[in-house]
Amino acid sequence: MKRREFFERALLGGAVVRAGSSTQEARAAVAQVADSRPAEMFREGERVIERPMVGRPHAGKVLAAIQPHSDDIPLFAGGTVAKLISEGYSGCLIRMTNDEKAGRGATTGEVVLNNERDNDAVAKALGLTRVFNFNYRNHRMDNESRQEIRGRLIHLFRLLHVDTIICYDPWGHYEENPDHYVTAQVVESACWMAGSSRDYVEQLEAGLKPHAVREKYYFARGPQLVTRIVDISGSIDQKVESNRVNVTQGPAGENGARLRARLASQKQRLPILGNDDETANRAYIKHIVLDFDSIALRGVPSDRELGRRYGVEWAEAFHYIGPAATRLEQLIAKNAVPL
C-alpha cells in the first residue's frame with residue numbers, strides 16, 4: 001500500500017476497512033460512518049471549537065509562526081495565523097531551513113533566493129510583520145545541534161516576548177521529514193526553557209528576561225491528538241493568498257493557471273477555474289488544494305469537510321496546549337480563616 005493511500009484511509013474517516021480492500025471501498029466505508037464517528041486523526045481528547053472574536057481581544061500579545069519550509073504554515077495553519085492577527089496579535093514568521101531542495105530555480109542559489117522571497121510574501125499575506133530565517137540545510141536538520149537551535153529559539157522567545165506559537169506537532173505520528181520533527185521537538189522544549197532563569201544564562205546577562213511561551217497550536221500531517229478546532233471561515237481568503245504567493249514550491253502557487261493552460265491545450269476547461277490565470281490560481285487553491293483533493297495534495301482532510309463536521313464553513317485542527325488553570329484562589333476564598 002502506498003503511503004498516501006494509507007493516510008487517506010487513516011485521515012478521512014477512521015472507518016474499519018477489511019484488509020485488501022481498495023481505496024474506493026475505503027472511501028465508501030468512510031462515507032457510511034462520517035456522521036457518527038470522528039476521523040482517525042481526531043483521537044480521544046476534549047475538543048474546543050475556537051470561533052472568531054469581535055474586536056482585538058489579543059492586543060499586546062505576540063505570535064510566532066514557526067515553519068521548517070516556506071509552505072508549511074500556509075498549507076496547515078494559515079487561516080489560524082490570519083485569524084489571530086486580526087484579533088490583535090502582532091506576529092513574526094520563523095523559517096528554519098533555506099529550502100534549497102524544494103522548488104524551481106536553475107541553480108541551488110536561485111532556489112534558495114526564490115523560496116526566501118516567497119517566505120517574505122507569505123508573512124505579508126498573513127499580517128506577520130517580522131521574518132527570521134535560520135537557514136539550516138534543507139532535509140538535514142537532524143544533523144544540526146539541537147542545543148544550538150533551541151538556544152536561538154529561546155533567544156527570540158525572550159527578545160520578542162512571544163506568548164503563542166504555531167508549529168508542527170512534536171508528537172505527530174508517521175512524520176517522515178526530519179526538518180519537520182526536529183523543528184517540532186526543539187520548539188516544544190524551547191517554549192518552557194525560555195522561562196527558566198537557569199537556562200542560557202548568557203542571554204540574561206545580556207539583558208533579556210526569562211519568558212515562557214504559554215500557548216501552543218500544533219498541527220500535523222498524520223494522526224494526532226486534536227483538542228482544538230479553529231473556525232477559519234473569516235480568514236480563508238487570506239489562507240488562500242498565503243498559498244498563492246508560494247510559487248516556488250508546494251501544491252498551490254500558480255498551479256491553477258498551469259491546469260487551466262493544460263486543459264485549454266486539450267480543448268477543455270473547468271468552469272471553477274474562471275477565465276484568467278489569477279482567478280484560476282485562487283480557485284484551484286481554495287477548491288482543490290484545501291478541499292476536493294486535499295488528501296492527495298496536503299496529506300490531511302479537507303478544511304471544508306472538517307468545518308462541516310463541526311458546524312462551520314472552514315476549519316483547521318490542532319493539538320492545543322494552553323496555560324494550566326489554577327484553582328488555588330478558589331480554595332483560599334472558600335476555606336481561609338482569620339489568624
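All values derive from a computational prediction rather than experimental measurement. (Residues numbered from 1 in each chain as written. Predicted model: local features only at pLDDT ≥ 70, side-chain atom pairs only at ≥ 80, totals over all residues. Heavy atoms only, no water.)

**Q** Would you take a moment to explain the sheet that holds strand E4 (residues 130-136) for this structure?
**A** Consider a sheet: its strands pair through backbone hydrogen bonds, and that pairing is either parallel or antiparallel. Spatially, E1-E7-E8-E6-E5-E2-E3-E4 is the arrangement adopted by the 8 strands of the open sheet, whose pairing is mixed. Of all strands in the sheet, those with a lone pairing partner are strand E1 (48-50) and E4, marking the two edges. Strand-to-strand twist of the sheet, defined as the mean angle between neighbouring strand axes without regard to direction, takes the value 25°. Here 5 bridges tie strand E3 (residues 90-97) to E4, and the two strands are oriented parallel to one another. Counted as the bridge partner of leucine 93 is valine 131 from E4. With respect to the sheet, helix H6 (residues 178-193) is in contact with strand E2 (62-67), E3, strand E5 (164-168) and strand E6 (215-219), its orientation differing from that of E5 by roughly 155°. (Pairing = 2+ DSSP bridges. Helix = DSSP H or I, 4+ residues; strand = E, 2+ residues; numbered from the N terminus. Axes fitted to C-alpha atoms, helices over the stretch in contact; angles between N-to-C directions. Contact = heavy atoms within 4.5 Å.)

**Q** Please clarify how unusual backbone geometry should be interpreted in this entry.
**A** The bulk of non-glycine residues show a negative phi, and the bulk of peptide bonds are trans. One non-glycine residue, aspartate 99, lies in positive phi territory at about 60°. Structurally, aspartate 99 can be placed in the loop between E3 and helix H4 (108-126). Among the residues examined, aspartate 99 registers a relative accessible area of 0% and is labelled buried. Residue tyrosine 174 is not a glycine yet carries a positive backbone phi of 65°. The residue tyrosine 174 is located in the loop between E5 and H6 in this model. (Buried < 20%, exposed > 50% of the residue type's maximum accessible area, 1.4 Å probe, protein only.)

**Q** I tried to follow the environment of leucine 113 on my own but got confused; where do I start?
**A** Along the polypeptide, leucine 113 turns up in helix H4. Note on leucine 113: relative accessible area 37%, which makes it partly exposed. Distance in space between the C-alpha atoms of leucine 113 and asparagine 98 is 8.6 Å, their sequence separation being 15 residues.

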